[in-house]
Amino acid sequence: MTTAPMTTAPTNATDSTARRPITVDIVSDVVCPWCYLGSARLAHAIAARPALDVAVHWRPFQLDPTVPAGGLDRAAYMLQKFGGDQARLDAIHAHLVDLGREEGIDFRFDRITRAPNTLDAHRLIRWAQPSGAQGDVARRLFALYFTEGADIGDAAVLRQVAEDAGLDGEVVANRLAGDWDKQDVIDEIAVAARLGVTGVPFFILDGRYGIAGAQSAEVLADALDKAVNDPVADDPAARA
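Here the structure is a predicted model, which is why all the values come from computation and not from measurement.

Enquirer: Could you clarify how one ought to interpret helix α8 (residues 182-194) in this entry?
Expert: Along an α-helix, residues three or four apart share an orientation, since each turn contains 3.6 residues. Over its 13 residues, α8 runs 19 Å from end to end, which matches the ideal 18 Å to within 8%, given 1.5 Å per residue. Residues Val185, Ile189 and Ala192 constitute the buried set of α8. The arc enclosing the buried residues of α8, seen along the axis, measures out at 55°, which places them on a common side. If you follow the buried residues of α8, they end up packed against β1 (21-28), β2 (53-60) and α4 (119-127).

Enquirer: What am I meant to see in helix α9 (residues 217-229) here?
Expert: If you check α9, its first and last C-alpha atoms are 18 Å apart, about what 13 residues at 1.5 Å a residue would give, namely 18 Å. Among the 13 residues of α9, 10 are classified as buried, and the element is accordingly described as predominantly covered. Of the residues making up α9, those classed as buried are Ala217, Val219, Leu220, Ala221, Asp222, Ala223, Leu224, Asp225, Ala227 and Val228. Packed against the buried residues of α9 are β1, α1 (33-47), β2, β5 (202-205) and β6 (209-212).

Enquirer: Looking at this structure, I do not really get the packing of aromatic side chains. What am I missing?
Expert: Any aromatic ring pair is given by two values, namely how distant the centres are and how the planes are angled relative to each other. Using the criterion set out here, one finds 9 aromatic pairs in the structure. When the centroid spacing of 5.4 Å and the interplanar angle of 85° are considered together, the rings of Phe107 and Phe146 count as edge-to-face. Of the two residues, Phe107 sits in the loop between α3 (86-102) and β4 (114-115) while Phe146 sits in helix α5 (residues 134-146), which places them 39 residues apart along the sequence. Using a relative accessible area of 3% as the deciding quantity, one classes Phe107 as buried. Taking the relative accessible area as the measure of exposure, Phe146 reaches 0% and is therefore buried. Centre to centre, the rings of Phe109 and Phe146 are 6.1 Å apart; their planes meet at 75°, and the pair counts as edge-to-face.

Enquirer: Is there a simple way to explain the pattern of salt bridges in this structure?
Expert: Applying the stated criterion across every chain yields a total of 17 salt bridges. Measuring nitrogen to oxygen at the nearest pair gives 2.9 Å for the salt bridge that ties Arg49 to Asp225. One end of the pair, Arg49, is in the loop between α1 and β2; the other, Asp225, is in helix α9, with 176 residues separating them in the sequence. A residue is classified by how much of its surface remains accessible, and Arg49, at 18% relative accessible area, is buried. What makes Asp225 buried here is its relative accessible area of 0%. The partner of Arg208 in a salt bridge is Asp230, with the nearest N and O atoms 3.3 Å apart. Pair noted here: Arg208 is in the loop between β5 and β6 and Asp230 is in the segment after α9, with a separation of 22 residues, a long-range link.

Enquirer: How should I be thinking about the packing of α5 against helix α6 (residues 155-164) in this particular structure?
Expert: Axes are the key here: two packed helices are described by the angle between their axes and the distance separating the axes. Contact geometry for α5 and α6: axes closest at 10 Å, N-to-C directions at 135°. In terms of orientation, α5 lies oblique with respect to α6. As for the relative orientation of α5 and α6, their crossing is right-handed in sense. Here Val137, Arg140, Leu141 and Leu144 of α5 lie close against α6, whose contacting residues are Val157, Leu158 and Val161. Residue classes in the contact of α5 with α6 are distributed as 6 nonpolar, no polar and 1 charged.

Rules used in this analysis
- Along each chain, residue indices are assigned from 1 in the same order as the chain's sequence is written.
- This being a predicted model, a pLDDT of at least 70 is required before a residue's local features are given, and a value of 80 or more before pairs of side-chain atoms are given or counted; all residues contribute to the totals for chains, interfaces and linings.
- Working from all heavy atoms in the structure, the side-chain values ignore hydrogens and water.
- Per the convention used, a helix needs a DSSP run of H or I reaching at least four residues, while a strand needs a run of E reaching at least two, with both numbered from the N terminus.
- For a helix, the expected span equals 1.5 Å multiplied by the residue count minus one.
- Here's how the labels work: a residue is buried when its accessible area is under 20% of the maximum for its type, exposed when over 50%, partly exposed in between, all with a 1.4 Å probe on protein chains only.
- For this quantity, the arc is that covered by the directions from the helix axis to the C-beta atoms.
- Note on contacts: a residue pair is in contact if any heavy atoms of the two residues lie within 4.5 Å.
- Note on ring pairs: Phe, Tyr and Trp rings are taken, using the six-membered ring of Trp, and paired if centres are within 6.5 Å. Classes follow the plane angle, with under 30 degrees stacked, over 60 edge-to-face and the rest tilted.
- Any Lys or Arg side-chain nitrogen found within 4 Å of a carboxyl oxygen on Asp or Glu counts as a salt bridge.
- The angle between two axes is taken between their N-to-C directions and runs from 0 to 180 degrees, where each axis is a line fitted to C-alpha atoms and a helix contributes only its stretch in contact.
- Geometric relationships in this document are graded by angle, where less than 35 degrees denotes roughly parallel, more than 145 denotes roughly antiparallel, 65 to 115 denotes roughly perpendicular, and other angles denote oblique.
- By the definition used in this description, the sense in which the near helix is turned from the far one sets the handedness, with an anticlockwise turn below a right angle giving left-handed and a clockwise turn giving right-handed.
- In this count, Pro and Cys sit with the nonpolar residues alongside Ala, Val, Leu, Ile, Met, Phe, Trp and Tyr, while Asp, Glu, Lys and Arg are called charged and the others, Gly among them, polar.

Shown next, in the form of structure tokens:
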């Protein structure tokens, strides 16, 4: 797996390979604005390649696993993270607002009051996988946090997200109250680290190509083309 962004545009998928399924794993954290941006750009890339059969899987990552379960005051937390440089933080937020607008994202950093621990949010995304609702849950969590300013570390908020996605809210609430899948999520984050993922978003295509950062939709679309056209994927002899 290469970890460098793939910027060379390969030939578009041909009719003979276009329907071969392509898996894209998104390693992300739901309090990462670049992950929200990157996921939107991936959606645009997939929309630009309607002939491709793309399955998206969401993988966990925690930007700061030391945040306590109840979360922290975000204003103070972010100011400390940026060394007390409010002007720099404001400039980054303004830049993200502009980038988000281009992708249909309404970043409202002024509404966010809590910096949550995201382990429970990742557990919920994990539980949404069997029903095919991972994308709906992840996108809702992003929107709740970055546009509505909700505390996505709050169990009641997570239960509502689950119910809106068609999951059993009572089952989710009971799981959140215990340790269900906590260690599995932590272990999955550790696997990403062993694969060399040190920042997010990180996209893994077909388990073979790695793309770091919130690359443009064009770069991501070209990477999808490369993955579907690579003969290694279809010819076992090419792997020898």
